[in-house]
Amino acid sequence: MPRYISLHTLACLTRQGAEHLTTRLAAAHRVTMRRVQVNMIEGKMLVDSTRPIETRSGSGSARKGFHYDWVLRVEFEARGGKLEPV
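How each quantity is defined
Residues numbered from 1 in each chain as written. Predicted model: local features only at pLDDT ≥ 70, side-chain atom pairs only at ≥ 80, totals over all residues. Heavy atoms only, no water. Helix = DSSP H or I, 4+ residues; strand = E, 2+ residues; numbered from the N terminus. Salt bridge = Lys/Arg side-chain N within 4 Å of Asp/Glu carboxyl O. Buried < 20%, exposed > 50% of the residue type's maximum accessible area, 1.4 Å probe, protein only. Pairing = 2+ DSSP bridges. Axes fitted to C-alpha atoms, helices over the stretch in contact; angles between N-to-C directions. Expected span 1.5 Å × (residues − 1). Arc of directions from axis to C-beta. Contact = heavy atoms within 4.5 Å.

Participant: Summarise unusual backbone geometry; cite the residues concerned and give the values.
Facilitator: If you check the backbone angles, A11 has positive phi at about 55 degrees while not being a glycine. With respect to the element layout, A11 can be found in the loop between β1 (3-9) and α1 (15-27).

In structure tokens form, the structure reads like this:
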């Protein structure tokens, strides 16, 4: 199953706000969040998930105010110096 990495701008969110957003992602039914990384200085959040956070149709999370800057579908990852399917 492919994975997705998405980049989100947090704007003026506090640490508590970022944590609340992460909690919302963890509770989502259609998306399985694997890992979230946050940089408060840059105001950015990287999300590693099993489905894209937002669909092209604009449904789902876009209506709930969680937009992305970009989404990358990950098909291979390096393990022990070799590219292997995810």
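Back to the text.
Participant: Run through the pattern of salt bridges, naming residues and quoting values.
Facilitator: Opposite charge on two side chains allows them to pair when their charged atoms are near. Summed over the entire model, instances satisfying the criterion amount to 8 salt bridges. Note that D48 and R34 form a salt bridge whose closest N and O atoms lie 3.8 Å from each other. Here D48 is found in strand β3 (residues 44-49), whereas its partner R34 is found in strand β2 (residues 33-39), with 14 residues between them in sequence. Of the residues examined, R34 reaches a relative accessible area of 49% and is grouped as partly exposed. One salt-bridge network, in which partners are shared between bridges, spans R3, R34, D48, E77, R79 and E84.

Participant: Can you break down the pairing of strand β5 (residues 76-79) residue by residue, with the values?
Facilitator: Two faces make up the sheet, and in a regular strand the side chains alternate between them. Alignment of β5 against strand β6 (residues 82-85), held across 4 bridges, turns out to be antiparallel. If you follow F76 over to β6, its bridge partner there is P85.

Participant: Lay out the sheet that holds β2 in plain terms, naming residues and giving numbers.
Facilitator: The strand order β2-β3-β1-β4 describes an open sheet built from 4 strands, whose pairing is antiparallel. Looking along the sheet, the strands with just one partner apiece sit at the ends: β2 and β4 (70-74). Within the sheet, the average angular offset between the axes of one strand and its neighbour, ignoring direction, is 15 degrees. The pairing of β2 with β3 spans 6 bridges and is classified as antiparallel.

Participant: Quick rundown of α1? Include the residues and the values.
Facilitator: The terminal C-alpha atoms of α1, which comprises 13 residues, lie 18 Å apart, in line with the 18 Å expected from a rise of 1.5 Å per residue. Restricting attention to buried positions, one finds in α1 the residues G17, A18, L21 and L25. The buried residues of α1 occupy an angular sector of 100 degrees when the element is viewed end-on, so they sit on one face. Exposed side of α1, more than 90 degrees from the buried face: R15, Q16, H20, T23, A26 and A27 are the residues found there. Among the structural elements, β2 and β3 are those in contact with the buried residues of α1.

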